[in-house]
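Structural features, examined
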Amino acid sequence: MITFIKTLKYDTKPENRDIFEYLSQLALQKIDPPSISNASVYINADFVFHSPLRRVADTLERKENCQAISVDALREILFDIPKLCTREEWLYSGSSIIRNRFKSAFIADQLPVSRAELFDEIRKVLLLLASKPQSSSIYVVSHSFRLKIIEAFIKTKGMLESDPVLIHQFIWDDQKTYPFGAAFCVDQADLRWLT
């Protein structure tokens, strides 16, 4: 079984900062804040694959024999908030406008990273997970949009790549992608179609 977990809480509204500018720098990975969660993600598994970003890596607590592997392809997907919406639109609509415009940019292939590159990264990660023994317990700790694209890719058996409009079935404007620390599970057998 593979358990995919969203990173724990980190500061999205720091005091004495321009929040729009802060979130814009965060989305482009110009800053890498630490987790502010008082908890850790305890991993009782054979393997944990995780984003190298600090807000993920710093929260991992694992059993002694767990092999932890930092995977660059599990970083959050880069997106440029000022190119997705204006400050005024964001002040009026908040995160819902970012989710809406992220989907539009994904469909139009206008994110800072191409869709082809995103799907190459996803296949790389999923093939890595599928290569582990079927009896292995595996955790993956990453970020909201990255996990949503991975989940959509798995559940559509790769059709998301040729039909990116399917993303609307997985990301909704008026709902958080996942709460901090939320998870979804996939059986390794569900990845057989990749090979």
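Residues numbered from 1 in each chain as written. Predicted model: local features only at pLDDT ≥ 70, side-chain atom pairs only at ≥ 80, totals over all residues. Heavy atoms only, no water.

1. Remarks on the packing of helix α6 (residues 115–130) against helix α7 (residues 144–155)
Here α6 crosses α7 at 75 degrees, and the two axes come no closer than 11 Å. One finds that α6 runs roughly perpendicular with respect to α7. From α6, Leu118, Phe119, Glu121, Ile122, Arg123 and Leu126 reach across to α7, where they touch Arg146, Ile149, Ile150, Phe153 and Ile154. Here the residues of the contact of α6 with α7 sort into 8 nonpolar, no polar and 3 charged. (Axes fitted to C-alpha atoms, helices over the stretch in contact; angles between N-to-C directions. Helix = DSSP H or I, 4+ residues; strand = E, 2+ residues; numbered from the N terminus. Parallel < 35°, antiparallel > 145°, perpendicular 65-115°, else oblique. Contact = heavy atoms within 4.5 Å. Nonpolar A, V, L, I, M, F, W, Y, C, P; charged D, E, K, R; others polar.)

2. Brief notes about the environment of Phe145
For Phe145, the position within the fold is in helix α7. On the basis of relative accessibility, which here comes to 6%, the residue Phe145 falls in the buried class. Linking Phe145 and Leu129, residues 16 residues apart in sequence, is a C-alpha distance of 19 Å. With residues near it in sequence (within four places) discarded, Phe145 still touches Glu76, Ile77, Phe79, Arg99, Phe102, Ile171 and Thr177. (Buried < 20%, exposed > 50% of the residue type's maximum accessible area, 1.4 Å probe, protein only.)

3. Side note on the sheet that holds strand β3 (residues 47–50)
Strand order in the open sheet made by the 5 strands is β5-β3-β6-β1-β7, with mixed pairing throughout. The open sheet terminates on both sides in strands that have one partner only, identified here as β5 (67–70) and β7 (183–186). The mean angle between the axes of side-by-side strands here comes to 20 degrees, regardless of whether they run parallel or antiparallel. Relative to strand β6 (residues 138–142), β3 is paired through 4 bridges, and the arrangement is parallel. Counterpart to His50 in the pairing with β6 is Val141. With respect to the sheet, α6 is in contact with β1 (2–6), β3 and β6, its orientation differing from that of β1 by roughly 140 degrees. (Pairing = 2+ DSSP bridges.)

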